[in-house]
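Here are the chains, one letter per residue:
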Amino acid sequence: MRKIVYYVASSIDGFISGLNDDISGFVGTGNGVDKYLADLANFDTVIMGRNTYEFGYKYGLQPGQPAYPHMKHYIFTDNLKLENLSTQVEVKNLDLIEIDKLKMHEGTDIYLCGGGQFAGWLLDNKKIDTLKLKLNPLILGQGIRLFGNSNSNYKLELLETADYENGLQIMTYNIIYL
């Protein structure tokens, strides 16, 4: 079965963006960013919520088109309608059965892009297998939380940690569901 890998940038205090989706303080260059981009090449499927998909519009993503051309996209939402859908993009209702079907398909592990609310929903339902945290040397104080409004409480098993330029660290954890 494929794993869901939440590979995400975070501030020290657990925010994936600041107020008004501000990510300007996150490390944007260096060998850690290169590592992240190289790792993305190993995924053939990406899942995300509506807010994350629409966030891409600020960076030139056209509605209905893939953010990552080499990946099949599944956008999970109950309220997004897209015209001119690429064959690489499908909009799905928030449904655990759909998540389980994706995990059963052939292919690589599944990249969970962005998150907040969607990641929190997946965590609450014990669907995220691995957390790859790009920890940025930055305190935001407010913004979008790593797991949205989730109050889940789980232990993590540290598998790997690496230090990169500009103070970036990438840590890989298994999430231990009891």
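Now for a quick tour of the structure.

Parameters at a glance
Residues numbered from 1 in each chain as written. Predicted model: local features only at pLDDT ≥ 70, side-chain atom pairs only at ≥ 80, totals over all residues. Heavy atoms only, no water. Helix = DSSP H or I, 4+ residues; strand = E, 2+ residues; numbered from the N terminus. Buried < 20%, exposed > 50% of the residue type's maximum accessible area, 1.4 Å probe, protein only. Contact = heavy atoms within 4.5 Å. Core = buried A, V, L, I, M, F, W, Y, C linked by side-chain atoms within 4.5 Å. Pairing = 2+ DSSP bridges. Arc of directions from axis to C-beta. Polar contact = N/O pair within 3.5 Å; in protein donor to acceptor, adjacent residues only side chain to side chain. Salt bridge = Lys/Arg side-chain N within 4 Å of Asp/Glu carboxyl O.

**Considerations on the environment of I170**
By secondary structure assignment, the location of I170 is in strand β10 (residues 169-176). The buried category is assigned to I170, whose relative accessible area is 4%. Once the C-alpha coordinates of I170 and Y36 are considered, the two residues, 134 residues apart in sequence, prove to be 8.7 Å apart. When neighbours within four sequence positions are excluded, I170 is seen to be in contact with Y7, G32, K35, L133, K134, E160, T161, A162 and Y164.

**Regarding the nonpolar core**
Formed by 24 residues in total, the largest nonpolar core has its most connected members in Y6, I47, L112, I128 and F147. Residue assignment for this core shows that the elements contributing at least two residues are β1 (4-11), β4 (72-76), α3 (96-104), β6 (110-112), α4 (117-124), β7 (130-136) and β10. Counting residues per element, this core draws most heavily on α4, which supplies 4 residues. Of all hydrophobic cores here, the second largest spans 18 residues; its members include M48, Y53, L82 and C113.

**Comments concerning the pairing of β10**
Burial analysis of β10 places 6 of its 8 residues in the buried class, the great majority of the element. Across 6 bridges, β7 lies against β10 in antiparallel orientation. Of the residues in β10, the one forming a bridge with L135 is Q169. The turn joining strand β9 (residues 155-163) and β10, which pair antiparallel and follow one another in sequence, is formed by 5 residues; a positive phi near 65° is taken by N166.

**A few points about α3**
Buried within α3 are the following residues: E98, I99, L102 and K103. The buried side chains of α3 occupy one side of the element, clustering within an arc of 140° when seen end-on. Among the exposed residues of α3, those pointing more than 90 degrees away from its buried face are I97 and M104. Elements that come into contact with the buried residues of α3 comprise β1, β3 (45-49), β4, β5 (89-92), β6 and α4. In this structure D95 caps α3, since a side-chain oxygen of it lies 2.8 Å from the backbone nitrogen of I97.

**A few points about the pattern of salt bridges**
Scanning the model with the defined rule gives 10 salt bridges in all. Of the charged contacts in the structure, one is a salt bridge between K92 and E90, with a shortest N-O distance of 3.3 Å. Linking K101 and E98 is a salt bridge whose minimum nitrogen-to-oxygen distance equals 3.8 Å. Taken together, the residues K101 and E98, both in helix α3 and 3 residues apart, mark about one turn of the helix. In this structure K101 comes out as partly exposed when scored by relative accessible area, which is 43%. Each of the salt bridges in this network shares a partner with another, and the network as a whole consists of K72, E90, K92, E98 and K101.

**Quick look at the side chain of T172**
Along the chain, T172 turns up in strand β10. Overall, T172 belongs to the buried group, its relative accessible area being 8%. Only 3.1 Å separates the side chain of T172 from the side chain of K132, close enough to count as a polar contact. Excluding its chain neighbours within four sequence positions, the residues that come into contact with T172 are T130, L131, K132, E157, L158, L159 and E160.

Don't take any of this as a statement about function, it's just geometry.
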